[in-house]
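For reference, the chains in residue letters:
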Amino acid sequence: FGSRRGRAFCESPGLLLVESGAMAPKSQAKQNEPRCDFPIDQAIVVGGGLAGMTAANTVLENGAKVLVLDKSSFCGGNSSKATSGINGSCTQTQKDKGIDDTNELFLSDTLKGGAKKPEIAKVLVWESGPAVDWLMQTFNLDLSLVARLGGHSAPRTHRGKERFPGMTITYALIQMVERVQENTGGGMARIVNKAKVVDLITNNGAVIGCKYEKGTDVIQAFGPVILATGGFGADFTADSLLAKYRPDLMHLPTSNGEHCTGDGIKMGEAVGAASLDLEWVQVHPTGLVKVGEEDAKVKFLAAEALRGVGGLLIDNEGNRFANELGRRDYVTGEMWKNKAPFRLCLNSLASTEIHWHCEHYKGRGVMRKYDTGADLAKELGVDVKKMEAVWQAHYEASQKHEKDPEGGPFPAYPSGKSWDEPSGKTGCGKKFYHNVIQGSQFATETFHVAIVTPVIHYCMGGLEISAKSEVVTAKGKVIPGLYAAGEVAGGVHGNNRLGGSSLLDCVAFGRVAGKACAEYMLGADMKTVALKDLAGAEPVAKPAAATGGAAASPAAGTAAAPAAAGYTLEEVAKHTTKDDCWVVLHGQVLNVTSFLKDHPGGELAILTFAGKDASAEFDMIHPPDVLQKYAPDTVIGTVGAAGGAPAAGASAAAPKQQVIAAGGKPTEGPKGALDLVDSDAEGLCGCIKSVWFMVRAFMMQIFRT
């Protein structure tokens, strides 16, 4: 297998793969022995999160084929849980809003934020504007809102008006690859889930494919490999990378999905790849604490955008103690110096600006609305006058900054001087203020408040890459046929990552890796292809009848539940455990017990709403068709008249049999003789077809031999 289109031959015990891609039996294959998966004129993307899906779409855009392998039941990864947005400088949205930002300023912020390799950071920054514009233009995404997060000198973190940006962006890219797969019959793109890649295949120092486990099979796939497997922030085993490089963090909770176990880093190192910065693991300051579940190992994350719109952090005595918009490692460090529990407080202006997030967090039970600041002070056990003084001091600092932006007695971050005493005393004075209120408003102001704690969030370290996303050895030599993008790649962020640069890392280096890989395969044959042409016409969503005035059901198009399967909300409320979990979505009752382990967002995301109507919270994150596409079998009935409840895990009764009428249109068939005749006819037809295909297969094999 060379660096351009070529041929590969694989002979494995029990199977002989011929050049055409057909498999001829050499002897009876034994279970668990490798077999080969062709064609070979394809790129193999390992990981179906945003980095992987960006790479896959880019490979397709440049005229090559792609195979996406993901060990989870569904694609998405941690990217689908990102809530703040994606950074970009010099974007069309910034220009439309009159935001003054430059690539040079963003690069300066990135280097001050922790990046140590300017040549890699420059790729991240200079690709940022085109990456955001690509998402908006190619995938028709709304990224019209822009916020300033910690460590940024300008507003450049983009998100849309509805739903969380991580899920919105990642799902759009997944959908595109799925549509290409469907429209081309798998000829240009394939996605294989529950496919755990275990080894990279090499030849003369080049990576030419990989081995992956699918059920009991071990399969070999051939082509250059793009690793997009994420970090290792959820691996708490004794021999994990986390235990090896940061044992001091093993006691902390994590925001990562259980799939984050460092697979790609380990496989890369096994073939000679260099790794770097593995000791740099980012601890995010605002993991959300649910009252009663303080010791939960996995926690949801409070988006940094909550602080970007004006949220203030206070300790258990009501004091501010840090610059809310400082680097994440700085804010976490200041939290460890002060008294927990810590609270993130958003006034009504800030809450309104980020309304979707607040409603979602309240639905999950990790944020609470206080009708007045006096109620918040009472909850803390702090005199309301003290709280007023804290808010007034913050207001006065903002007014002084407005009059004299370069003045103040304290050092500021990222540069200059600050008027804010609580943060200034830490050496990281606050310079950016938003949605500020006076102290006199505190007692009667409405607040949304969350208890927060530091959590393991992101691994800055990983495989060392070139500016073209090529994986390199310890001597700096490129390993042909191996690329890395996203959290698996090290050296992009240094010892700290700025908020909003994770999704950017995935898209920017996903595009770089995809293009470089396509060029490696195709050379001069590389060509620009429109994704919409590969994907065909966009499917039209089927309309769904409204249920009790609710919005169109996310399950539109799923098979209707039997009329007898009606359940009261009281009946649903009885099913609230991991072994027996029901939820309601837009009038439909779902038994999600067997689906919990496969849910991309983790079990806790569903169990939070066990026995409840989760429609509003579901819609905040998921596109309308996600239930229909990925979990239609979970629907067991509707909310209505009480009916006999099936046992936990039982599926709904089968819908009535259909008879194909003249003209090919299905009609509802009567029970009885017609059902039997139709069933027998289908059985006879099936037998004839089976015999014919068997005979044809034998004849083709004889001719080939």
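### Topic: the overall build of the protein
The helix and strand tally for the protein stands at 22 helices and 33 strands. Taking all 705 residues of the protein together, the buried fraction comes to 54%. A sequence separation of at least 24 residues applies to 72% of the contacts in the protein between residues at least 6 apart. For the protein, the exposed surface amounts to about 30,200 Å²; the carbon and sulfur share of it is 54%.

### Quick look at the pairing of strand β18 (residues 342-347)
In terms of residue burial, β18 counts as a mostly covered element, since six of its six residues are buried. Of the two faces of β18, both are covered, the one formed by F342, L344 and L346 as well as the one formed by R343, C345 and N347. Relative to β18, strand β17 (residues 312-314) is paired through three bridges, and the arrangement is antiparallel. For L312, the partnering residue across the bridge sits in β18 and is C345. Relative to strand β22 (residues 447-459), β18 runs antiparallel, the two sharing six bridges. Across the sheet, residue F342 finds its bridge partner in β22, namely V452.

### Considerations on the packing of aromatic side chains
The geometry of an aromatic ring pair comes down to the distance between the two centres and the angle between the two planes. Scanning the entire structure with this criterion turns up eleven aromatic pairs. Ring centres 5.2 Å apart and planes at 50° place the aromatic pair F442 and F447 in the tilted group. Classification of F447 by relative accessible area gives buried; the value is 0%. An aromatic cluster is defined as three or more aromatic residues linked by ring pairs; in this entry it consists of F74, Y171, F595 and Y630. Sitting above the plane of the F432 ring, R148 keeps its charged end 3.8 Å from the centroid. Note that K297 overlies the ring of F236, its terminal NZ or CZ placed 4.2 Å from the centroid.

### Let's talk about the sheet that holds strand β8 (residues 145-147)
With antiparallel pairing, three strands are arranged side by side in an open sheet as β7-β9-β8. Strands at the two margins of the open sheet, each flanked by one partner only, are β7 (86-87) and β8. As paired strands, β8 and strand β9 (residues 157-159) are joined by three bridges and run antiparallel to one another. The residue bridging V146 from the neighbouring strand is H158, located in β9.

### Re the sheet that holds strand β26 (residues 489-490)
Within the open sheet, the three strands sit side by side as β15-β23-β26. Their pairing is mixed. Each edge of the sheet is formed by a strand with only one pairing partner; in this case those strands are β15 (275-276) and β26. Alignment of strand β23 (residues 462-464) against β26, held across two bridges, turns out to be parallel. Each bridged residue has a counterpart across the sheet, and for L463 the counterpart in β26 is A489.

### So, the pattern of salt bridges
One pass over the full model with this rule turns up 21 salt bridges. In this structure, R307 engages E304 in a salt bridge whose closest nitrogen and oxygen atoms are separated by 3.8 Å. Taken as a pair, R307 and E304 share a single burial class, namely buried. Several salt bridges share partner residues, and in doing so they unite R320, E324, D420 and K430 into one network.

### Quick look at the side chain of E445
Structurally, E445 is set in the loop between α15 (421-424) and β22. Buried charged residue E445 carries no salt bridge. Nearest counter-charge: K369, at 11 Å. Engagement of the side chain of E445 in a polar contact is seen with the side chain of S348, the distance being 2.5 Å. Those residues in contact with E445, other than ones at most four positions away along the chain, are N347, S348, L349, Y370, D371, T372, G373 and I437.

### Some details on the environment of G287
Counting through the fold element by element, G287 comes out in strand β16 (residues 281-288). Separated by 79 residues in the primary sequence, G287 and V366 place their C-alpha atoms 9.9 Å from one another. Excluding residues within four positions of it along the chain, G287 makes contact with F300, L301, I451, V452, T453 and V455.

### Comments concerning the environment of A484
Mapped onto the elements of the fold, A484 is located in strand β25 (residues 478-484). Residues A484 and I226, spaced 258 residues apart in sequence, show a C-alpha to C-alpha distance of 5.4 Å. Non-local contacts of A484, meaning those with residues more than four positions away in its chain, are made with L227, I465, S469, V471 and A489.

### Some points on the packing of helix α1 (residues 50-61) against helix α6 (residues 165-183)
The N-to-C vectors of α1 and α6 enclose an angle of 40°; their axes lie 9 Å apart at closest approach. Taken together, the axes of α1 and α6 are oblique relative to one another. Seen from above, α1 lies across α6 with left-handed handedness. Contacts between α1 and α6 involve L50, M53, T54, A56, N57 and L60 from the first element and I169, T170, L173, I174, M176, V177 and V180 from the second.

Criteria and thresholds
Residues numbered from 1 in each chain as written. Predicted model: local features only at pLDDT ≥ 70, side-chain atom pairs only at ≥ 80, totals over all residues. Heavy atoms only, no water. Helix = DSSP H or I, 4+ residues; strand = E, 2+ residues; numbered from the N terminus. Buried < 20%, exposed > 50% of the residue type's maximum accessible area, 1.4 Å probe, protein only. Contact = heavy atoms within 4.5 Å. Areas by Shrake-Rupley, 256 points an atom, 1.4 Å probe, with all protein chains shown as cover. Pairing = 2+ DSSP bridges. Phe/Tyr/Trp six-rings, centres within 6.5 Å; stacked < 30°, edge-to-face > 60°. Lys NZ or Arg CZ within 6 Å of the ring centre and 35° of its normal. Salt bridge = Lys/Arg side-chain N within 4 Å of Asp/Glu carboxyl O. Lys, Arg positive; Asp, Glu negative; His and termini not counted. Polar contact = N/O pair within 3.5 Å; in protein donor to acceptor, adjacent residues only side chain to side chain. Axes fitted to C-alpha atoms, helices over the stretch in contact; angles between N-to-C directions. Parallel < 35°, antiparallel > 145°, perpendicular 65-115°, else oblique. Left-handed = near helix turned anticlockwise from the far one by under 90°.

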